[in-house]
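# Close look at the chain arrangement
Each chain, letter by letter, is given below.
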Amino acid sequence: MNNFLEIIEEIKNANSIVISSHVNPDGDAIGGGLSLMLAIKKLKDKDGDSGNKEVRFILEESVPKNLKFLKLSDMVEIYDSSKNYDFDLFIAVDCATKERLGKVNSLLSSEKKIINIDHHTSNSLFGHLNYVHEISSTSEIIFNFIEELGICMDLDMAETIYTGIVNDTGNFAHDNVSSDTFRVAAKLKNIGVDTSKVVREFFQTKSMPTLKLMGLTLSGFRFIDEKKLSYFFLTQEALKSVGGTKDETEGLVEILRSYEGTEVALFLREEEDGKIKGSLRSKSTDVNKIASIFGGGGHVKAAGFNTKLGHEDIVKQVLEKL
Ligand SMILES: [Mn+2]
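Quick caveat, the model's predicted, so the values are computed rather than measured.

## Re the side chain of N123
Along the chain, N123 turns up in the loop between β5 (113-118) and β6 (129-132). Classification of N123 as buried rests on a relative accessible area of 10%. Here N116 takes part through its side chain, which lies 2.8 Å from a polar atom of the side chain of N123. With near-sequence residues (within four places) excluded, N123 lies in contact with C95, A96, N116, D118 and V132.

## Section: the sheet that holds strand β11 (residues 297-298)
In spatial order, the strands read β7-β8-β9-β10-β12-β11; together these 6 strands make up an open sheet with mixed pairing. Because the sheet does not close on itself, it has two edges, and the strands there are β7 (222-224) and β11. Sheet analysis places strand β9 (residues 264-270) next to strand β10 (residues 276-282), joined by 7 bridges and oriented antiparallel. Paired with R269 across the bridge in β10 is K277. Each of β7, β8 (229-234) and β9 touches helix α7 (residues 208-220); the most contacted strand, β8, lies at about 130° to it. On the sheet, helix α11 (residues 311-321) packs against β7, β8, β9, β10 and β12 (302-307) and is oriented at approximately 160° with respect to β9.

## A closer look at the pairing of β8
Taken across its 6 residues, β8 has 5 buried, putting it largely inside the fold. Bridge count for β7 against β8 is 3 bridges, and the pairing is antiparallel. Paired with F223 across the strands is S230, a residue of β8. From the end of β7 to the start of β8, which pair antiparallel, there are 4 residues, and K228 there has a positive phi angle of about 55°. One ladder, built from 6 bridges, connects β8 with β9; its direction is parallel. Counted as the bridge partner of L229 is V264 from β9.

## Let's talk about unusual backbone geometry
For F172, which is not glycine, the phi dihedral falls at a positive 65°. For F172, the location among the structural elements is in the loop between α4 (155-169) and α5 (179-191). Residue class for F172 comes out buried when judged on its relative accessible area of 19%. Phi is positive for K228, which is not a glycine, with a value near 55°. Within the fold, K228 resides in the loop between β7 and β8.

## Here we look at the sheet that holds β5
On the basis of which strands lie adjacent, the open sheet formed by 6 strands has the order β3-β2-β1-β4-β5-β6 and parallel pairing. The outermost strands of the open sheet, each flanked by one partner alone, are β3 (76-78) and β6. In this sheet, neighbouring strand axes are inclined to one another by 25° on average, regardless of whether the strands run parallel or antiparallel. Here helix α2 (residues 27-42) sits on the sheet in contact with β1 (16-20), β2 (54-59), β3, β4 (89-93) and β5, set at roughly 170° to β2. Each of β4, β5 and β6 touches helix α3 (residues 138-149); the most contacted strand, β5, lies at about 115° to it.

## Considerations on the nonpolar core
Counting 54 residues, the largest nonpolar core has I11, I17, I19, L36, I91, I117 and L188 as the members making the most contacts within it. Here this core takes 7 residues from α2, the largest share from any one element. Excluding residues that lie within four positions of it along the chain, I19 makes contacts with G33, L36, M37, I40, V55, R56, F57, I58, I91 and V93. One finds Y231, L266, L280 and V287 within the second-largest nonpolar core, a separate group that totals 18 residues.

## Some remarks on the pattern of salt bridges
Within this structure, the stated rule accounts for 13 salt bridges. What you see here is one network of salt bridges that share partners, running through E54, R56 and E77.

## A look at the pairing of β12
Both β10 and β12 contribute to a ladder of 6 bridges, which runs antiparallel. The residue of β12 that forms the bridge with K277 is N306. Note: β11 against β12, 2 bridges, orientation antiparallel. If you follow G297 over to β12, its bridge partner there is G304. The loop that links β11 with its antiparallel partner β12 comprises 3 residues.

Criteria and thresholds
Residues numbered from 1 in each chain as written. Predicted model: local features only at pLDDT ≥ 70, side-chain atom pairs only at ≥ 80, totals over all residues. Heavy atoms only, no water. Helix = DSSP H or I, 4+ residues; strand = E, 2+ residues; numbered from the N terminus. Buried < 20%, exposed > 50% of the residue type's maximum accessible area, 1.4 Å probe, protein only. Polar contact = N/O pair within 3.5 Å; in protein donor to acceptor, adjacent residues only side chain to side chain. Contact = heavy atoms within 4.5 Å. Pairing = 2+ DSSP bridges. Axes fitted to C-alpha atoms, helices over the stretch in contact; angles between N-to-C directions. Core = buried A, V, L, I, M, F, W, Y, C linked by side-chain atoms within 4.5 Å. Salt bridge = Lys/Arg side-chain N within 4 Å of Asp/Glu carboxyl O.

Everything listed here is a matter of geometry and, on its own, says nothing about what the molecule does.
Following this line, the structure appears as C-alpha cells:
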C-alpha cells in the first residue's frame, strides 16, 4: 500500500490528469472525484508556480438527479468514445476494480500511470499506486488527502465531501462511522456546509417515480422466514411503467432491510441489456462474500453485483449461502 506523500509526488509530476469513478455514480464517487479535482487545480508546482495542471473528472454516466444540487456537479464530464483523451496520469476514486469504471476503463493502457484511491474491502489494487483504507467513504479519504496537500478547502469542495460522507454512512447511521468521521464532519461544518440542506436535497427530496418505486417495492417484496431474507425484483417494464430511471431506485434496498426480522435484503433490478444489477444490505452477515459469487463486491454490510443470471437463480444462490 502507498502513502499520501508518494501519491502527491506522482500528481506533482503529471501535467494532465484524468480522474474517474464507478458506473452508477453515487454521492461518494461524485464527492470524492470533484473535490480531488478542485484540490489538484489549486496545487502549486514544485517551483511554487500556481497550478496549470489540466485536471478533468470524467464518468461514464451523468450526475444523478439527487446530486444536481451540488454547485460543482456541472464540472463532471461524460465520457465520449469518439473523442481522443490525452493525459499522463489516471486517478480512480471509490472504484473497487478497473471494470467498475465502465467505458472509461478503455482510457487505460499499459503506459498510463494509475492511482487507485478507495475504501472498498473488495478492491483489487489495480493501480500502480494504491491507497485503499476501509473507512467511511472515499470522500473522507479525500478530505484527509486535501489536508495533507495543504490546500485550503472552500465551501463548494466541503459540500461535495460532506455529501459523499452522508451518502456512504446513511447520514452517519452505519457502523462505518468512526470518531474520525465525526471530526471531519465537524471541520466541514466549520467551513460553512449547510448540513441540513445536504440531507434534505439528497435524502428527503424524492421524485414521483421514486415514490412509486417505493410503493412497488413495499407491496411486492417477499420475505423468506427461515433465512431472514427480504428481496424484490424490479423488471425494466415495471421501472418504465412509473417513468423511472435506474438512479431513482437508489435506497430501495435499505427500505427492504428495515422490515422487522430481516437480516439480509436483496434488491434486484433488470437492466436494459437484460442483465441484473443486485444490491445487498445486511444487519451483520458478510454480504461482500455473497456478492463475490456473482463477481461483485463492496463492504461487509453493503455490496453489489451485475450478472447475466436470471432473478430466480440469483435468489436461489443467495439462499444457499445464508
Ligand atoms: Mn464509497
